[in-house]
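# Commentary on secondary and tertiary structure
Given next are the chains, with one letter for each unit.
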Amino acid sequence: MASLGKTDSASDSALGYSTLESGVGNVILTSADALLGWSRGQSLWAFPMGTACCAMELIAASFSKFDFDRLGVFPRQGPRHTDVMIVAGTITEKMKPVVIRLYEQMAEPKWVIAMGNCAISGGIFYYDTYSVVRGVDQFLPVDVYIAGCPPRPESLQDGIVQLRNLVRAESVSPGVRYRRRTEIPLRTAPAPTTPAPAEPASAAPASAPSKDPA
Amino acid sequence: MPDQEFNQELVVNVGPQHPSTHGVGRILLNLDGDIVRKAELIIGHLHRGIEKMAENRTYLQVVPLTDRLDYVGSMYANWAYCRAVEKAAAIDVPERAEYLRVIVCEMQRIASHMMSVGSSGADSGAFTVFVYAFDLRERIVELFEQLCGARLTYSYVRPGGVAFDAPDGWADAVLAEMRKLPTGLEELDKLLFGNVIARGRLKGVGIMSTEQAIAWGATGPVARGSGVALDIRRQDAYSVYPRIGFDVVVGDNGDAYDRARCRLLECFESVRIIEQAITQMPEGPILTDGIPRLIAPPKGDAYARIESARGTLGVYTVSDGGAKPYRVHFRSPAFCNVSLISRLAPSHVLSDLGVILGSLDPVFGEVDR
């Protein structure tokens, strides 16, 4: 119960729901969820973080034959315009800071799709190489994984449909049905000096609010 | 006093995630107003260590790695690598396999050039061209899918032949497609190169003279656009190319327009080559018998080169007699061509940078390896 108070979603405090003790059976909230989920899921604008081979299938998915537009997905090159980052291709150690920076530039709420084996785990470049990051989920919270080397455009579109279901299942009420893994540290920060909000949350809320006013 | 501050050059970073850098290219620009004074290319954002990985793979296991080099045209790296291995290990290739290799590589050339011509259009503000070009590319990719089951990473060419024989009716399907293709290509020609705006954006931009193209080591359409008739298919005619008639397309002015148009006109030649190759293709085996799983070439080295869609693609392998290569090196045309950006971009305005870079047709998988 107490853990409901500290959420990671910016929309909670903005809508004034952060003080709600329970999200169960709240008629107003379910209607808001349905509306927000529907509108967000209808047009997921994509940020094509295409680095390697998968970018070709990403382009193919956007064009005439496969037509991403019918799913409401519209690739935009500016991270600030977009809702979902599609990481398509190998991420190297040199590219990693760029991806993190672009992810941080995206506006909330935001989602990440790991497209292709390289983005999932390093794929063919898992062994014997010194420069490849073994999976984009080591530094970004990934929502949907799409396997394949490269995945077909249909797979990518199926991934978008999966993501749409996740987006619609999301609630402004904190952590009720689908909660994203946002606890992965975005920067390689030093060990936290202040108690970071953690999942177990039985001892933390007692100490955190008492420290902040002081 | 304020004048001095005013005259300072502004350093602007473009990329590595930028729509006009065609992947993960990154360019540091020194700008004087809108004029580029200096352009420094920073590569390595897609460096995956493929050459080092190859040293820990058997000769056959390297083939899938070569797919990921030039991912717009995977067949070329397959073929160049296999030719080097065949040279090192003295493996013969059946005639039917050579014809199949020529057919798939010329189809790949069309597919790759469609990507490049389309992005030339997108760079110069004609996005419709990209959509039309990608439609043509998609038709070729579907034929590849029928042949080997993959849309992008084929691993089709293997040491000693090819992986699969053409399925029933595939050759007819290719021929039928090749009869339809010139109509689409002509439409694309009118759409992009007949467009006043695209001509204005492409003509006279990034001019490279014939002497410069030779001195700076340009190959492929980048060199041919400048009037250098350099084509490995003609100069060092490999495989069955000596039996096939085709013309080498050469440009006059060496600007972005000529480079892009060269690519488009080469597609017509590729159609000619494919039609001849399918007519000449004999029946027979597609893979030489008795090639061991662990190919162990004798001690020594081998270099083989082919004409890829981007230029001269060379592969150098060194063998120490074992089952794994001691060293594999790729002479990547995209790397040599894209390095010219620092010579071509200065004194152009910033908005021409994307056009010049697009006309060099870099694929950063191959640049960074």
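In short, a report on the structure. (Residues numbered from 1 in each chain as written. Chains lettered and ligands numbered in written order. Predicted model: local features only at pLDDT ≥ 70, side-chain atom pairs only at ≥ 80, totals over all residues. Heavy atoms only, no water.)

### Regarding the overall build of chain B
Within chain B one finds 16 helices and eight strands. Against the 2.2 N^0.38 benchmark of 21 Å for 369 residues, chain B shows a C-alpha radius of gyration of 21 Å, consistent with a compact globule. Judged by the C-alpha coordinates and their principal axes, chain B covers about 80 × 50 × 35 Å. The buried share of chain B, reckoned over its 369 residues, is 59%. Total accessible area computed for chain B in this model is approximately 13,500 Å², and 50% of it derives from carbon and sulfur atoms. (Helix = DSSP H or I, 4+ residues; strand = E, 2+ residues; numbered from the N terminus. Rg over C-alpha atoms; globule rule 2.2 N^0.38 Å. Buried < 20%, exposed > 50% of the residue type's maximum accessible area, 1.4 Å probe, protein only. Areas by Shrake-Rupley, 256 points an atom, 1.4 Å probe, with all protein chains shown as cover.)

### Some words on the packing of helix 7 (residues 170–193) of chain B against helix 12 (residues 256–280) of chain B
Residue and element names in this part refer to chain B. Relative orientation of the contacting elements helix 7 and helix 12 amounts to 160°, with a least axis distance of 10 Å. Comparing the axis directions of helix 7 and helix 12 gives the class roughly antiparallel. The hand of the helix 7/helix 12 crossing is left-handed. Across the interface between the two elements, A171, V174, L175, M178, R179, L181, P182, L185, E186, L188, D189 and F193 of helix 7 pack against Y257, A260, R261, L264, C267, F268, V271, I274, E275 and I278 of helix 12. (Axes fitted to C-alpha atoms, helices over the stretch in contact; angles between N-to-C directions. Parallel < 35°, antiparallel > 145°, perpendicular 65-115°, else oblique. Left-handed = near helix turned anticlockwise from the far one by under 90°. Contact = heavy atoms within 4.5 Å.)

### Things to note about the sheet that holds strand 3 (residues 111–115) of chain A
All names here are of chain A. If you walk across this open sheet you meet the four strands as 1-2-3-4, and the pairing is parallel. Of all strands in the sheet, those bounded by a partner on one side alone are strand 1 (46–50) and strand 4 (144–146). Averaged over neighbouring strand pairs, the angle between their axes works out to 20° when direction is ignored. Of the strand pairs in this sheet, strand 2 (residues 84–88) and strand 3 are connected by five bridges, and their pairing is parallel. Following the sheet pairing, V87 is matched in strand 3 by A114. (Pairing = 2+ DSSP bridges.)

### Regarding the interface of chain B and chain A
With 35 residues of chain B at the contact, the number on the chain A side is 34 residues. Taken as a group, B:Q17, B:R48 and B:R151 account for 21% of the area that chain B buries against chain A, more than any other trio of residues on that side. Here B:E142 makes a salt bridge to A:K65, at a shortest N to O gap of 2.3 Å. For the pair chain B and chain A, the number of links is 11 residue pairs in polar contact (both at pLDDT 80 or more). (Buried area = accessible area lost by both parts, 1.4 Å probe. Salt bridge = Lys/Arg side-chain N within 4 Å of Asp/Glu carboxyl O. Polar contact = N/O pair within 3.5 Å; in protein donor to acceptor, adjacent residues only side chain to side chain.)

### Remarks on unusual backbone geometry
In this model, A:C149 is joined to A:P150 through a cis peptide bond whose omega is -10°. Turning to its location among the elements, A:P150 is positioned in the loop between strand 4 and helix 6 (153–169). Even without being glycine, A:D67 reaches a positive phi, approximately 60°. Mapped onto the fold, A:D67 is located in the loop between helix 3 (54–62) and strand 2. Take A:D67: its relative accessible area is 28%, and that puts it in the partly exposed class. Even without being a glycine, B:S155 presents a positive backbone phi close to 50°. Its place among the elements puts B:S155 in the loop between helix 6 (127–148) and strand 4 (157–158).

None of this, on its own, says anything about what the molecule does.
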